[in-house]
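# Survey of secondary and tertiary structure
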Amino acid sequence: MPRPVKCRKVCHFPNVLEFLPADDTEKKTPIVLTVDEYETIRLLDKKGYSQEQCAASMQVARTTVQRIYEIARKKIADALIDGHPLKIEGGDFRICDGQSGNCSFGGCYKQEIYKKYAAEKGEGIMRIAVTYENGQIFQHFGHTETFKIYDVEEGKVVHSEVVDTNGSGHGALAGVLNALNADVLICGGIGGGAQTALAAAGIKLFGGVSGDADEAVEAFINETLEYNPDVKCSHHEHNNGEGHTCGEHGCGSHSCH
């Protein structure tokens with residue numbers, strides 16, 4: 001029996017999911033870089049982590065990181081040298097929720113959020129998060145500086161609070177919502193990468209909404225919220241397939257411990 005694959009923790013979902021050669025006259029097969037492969041590139045080459053640090057952050061063995069990294073570098077080289085489109089999708093991963101002490105080696109803001117908000121959320125509570133600015137629904141998810149969260153029980157808002165994202169942007173915001181233990185996100189525009197990250201975290205999306213945040217939540221509770229199920233963000237036009245993730249629905253034969 002093959003050894004189960006251990007889901008790799010990803011702290012930052014990619015902002016851009018597709019890279020295309022400028023000269024696309026010759027159609028070539030896209031090269032697919034998985035999200036966990038992307039994370040090794042981000043941590044080792046962008047952040048400057050050692051392989052041991054990268055392994056601790058992703059909660060896998062160093063040898064696993066080394067193998068993933070070698071595969072990722074080969075894919076990127078093939079895309080650059082041979083002119084293939086490069087897509088980022090799929091893989092064996094789960095979105096960071098701030099529970100791990102190894103996340104950014106104790107410097108992850110999501111840890112503070114998780115300790116405060118995940119522990120306070122009781123059973124029977126549905127937590128709704130809204131991109132928030134001056135009482136209104138902020139229209140660009142990736143630049144959200146604050147979320148307003150609403151705890152709903154038996155059809156009524158029992159608590160609400162504004163939460164600072166601490167400068168987190170784009171790919172890290174899904175992790176912030178995961179640390180908040182949010183069930184639902186109401187927002188304006190949102191890119192394909194963020195949508196995929198939310199799906200991986202098991203957070204339901206209601207995008208394309210504008211106006212007063214409190215009124216939108218009341219409309220959601222009353223099942224009268226007008227939203228766009230096909231919402232797009234002009235800054236992120238490319239979408240992707242979901243692939244395999246290690247979210248709330250489990251991993252089938254894979255182990256997510």
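Residue positions within a chain follow its written sequence, with the count starting from 1. Where local features are concerned, this predicted model is filtered to residues with pLDDT of at least 70; where side-chain atom pairs are given and counted, the filter is 80 or more; whole-chain, interface and lining totals use all residues. The basis for the side-chain values is all heavy atoms of the structure; hydrogens and waters are excluded.

An unreviewed UniProt entry annotates the protein as DUF134 domain-containing protein originating from Blautia wexlerae. UniProt positions are given in the numbering used here, feature names are shortened, and annotations may be inferred rather than shown by experiment. Of the protein, the UniProt comment under Sequence similarities (unreviewed entry) reads exactly: "Belongs to the UPF0251 family."

## Some remarks on the overall build of the protein
Working definition: helices are DSSP H or I runs of at least four residues, strands are E runs of at least two. Numbering for both runs from the N terminus. On a plain count of helices and strands, the protein comes out with 7 helices and 11 strands. Taking all contacts inside the protein whose residues are at least 6 apart in sequence as the whole, residues at least 24 apart take part in 69%. Computed with a 1.4 Å probe, the accessible areas rest on the Shrake-Rupley method; for each residue, only the protein chains presented here act as cover. Total accessible area computed for the protein in this model is approximately 13,000 Å², and 46% of it derives from carbon and sulfur atoms. Between two residues, a contact is recorded if the distance between any of their heavy atoms is within 4.5 Å.

## Re helix α1 (residues 35-46)
In terms of burial, α1 is largely enclosed, as 10 of its 12 residues are buried. Throughout this description, buried means an accessible area under 20% of the type-specific maximum (1.4 Å probe, protein chains only), exposed means over 50%, and partly exposed covers the range between. Burial in α1 covers these residues: Val35, Asp36, Glu37, Tyr38, Glu39, Thr40, Ile41, Arg42, Leu43 and Leu44. The secondary structure elements touched by the buried residues of α1 are β1 (8-10), β3 (31-33), α2 (51-58), α3 (62-82), β4 (86-88) and β5 (93-95).

## With respect to the side chain of Lys9
Looking at the element boundaries, Lys9 is found in strand β1. Positive charge is attributed to Lys and Arg, negative charge to Asp and Glu, and no charge count is given to His or to the chain ends. Note on definitions: salt bridges are taken to be side-chain nitrogens of Lys or Arg within 4 Å of carboxyl oxygens of Asp or Glu. Lacking a salt bridge, the buried Lys9 has Glu39 as its closest oppositely charged neighbour, with an N-O distance of 6.5 Å. Each polar contact in these results corresponds to two N or O atoms within 3.5 Å; when the atoms are within protein, one needs to be able to donate a hydrogen and the other to accept it, and residues that are neighboring in sequence are counted only if both atoms are side-chain atoms. Of note is the side chain of Lys9, whose polar atom sits 2.7 Å from the backbone oxygen of Ser57.

## Concerning the packing of α2 against α3
Viewed as axis vectors pointing N to C, α2 and α3 meet at an angle of 100°, and their least axial separation amounts to 8 Å. As summarised for this structure, α2 and α3 are arranged roughly perpendicular, according to the angle between their axes. In this structure, α2 uses Gln51, Glu52, Cys54 and Ala55 to contact α3, whose residues at the interface are Arg62, Val65 and Gln66. Each axis is a line fitted through C-alpha atoms, and for a helix only the stretch in contact is used; angles between axes span 0 to 180 degrees, taken between their N-to-C directions. For classification purposes, angles smaller than 35 degrees are called roughly parallel, those larger than 145 roughly antiparallel, those between 65 and 115 roughly perpendicular, and all remaining angles oblique.

## Quick look at the pattern of salt bridges
With the rule as written, the count across this model stands at 8 salt bridges. Salt-bridge contacts for Glu52 lead to Arg62; the nearest nitrogen and oxygen are separated by 4.0 Å. Pair noted here: Glu52 is in helix α2 and Arg62 is in helix α3, with a separation of 10 residues, a long-range link. Across the salt bridge formed by Lys74 and Asp78, the nearest N and O atoms sit 2.8 Å from each other. Taken together, the residues span about one helical turn, with Lys74 and Asp78 both in helix α3 at a distance of 4 residues. According to the relative accessible area criterion, Asp78 is partly exposed, its value standing at 24%.

## What to know about the environment of Val152
Its location among the elements puts Val152 in strand β8 (residues 146-153). In sequence terms Val152 and Ile221 are 69 residues apart; their C-alpha atoms lie 8.3 Å from each other. Look past the residues within four positions of Val152 in its chain and what remains in contact with it is Gly124, Ile125, Met126, Ile128, Val157 and Ile221.

## Points about the confidence of the model for the protein
Per residue, pLDDT captures the predictor's confidence, and it can take any value from 0 to 100. Summary statistics for the protein give a mean pLDDT of 82 and a share of 79% for residues scoring 70 or more. Predicted confidence is poor over residues 235-257, with pLDDT under 50, and the contacts of this stretch with residues over four places away or in other chains come to 51 contacts.

## Examining unusual backbone geometry
Here Glu154, not a glycine, exhibits a phi torsion of approximately 55°, which is positive. With respect to the secondary-structure elements, Glu154 resides in the loop between β8 and β9 (156-164). Since its relative accessible area comes to 77%, Glu154 is described here as exposed.

## Topic: the environment of Glu153
Positionally, Glu153 belongs in strand β8. On a C-alpha basis, the gap between Glu153 and Gly124 in space is 6.4 Å, while along the polypeptide they are 29 residues apart. The contact partners of Glu153, leaving out residues within four places of it in the chain, are Glu123, Gly124, Ile125 and Val158.

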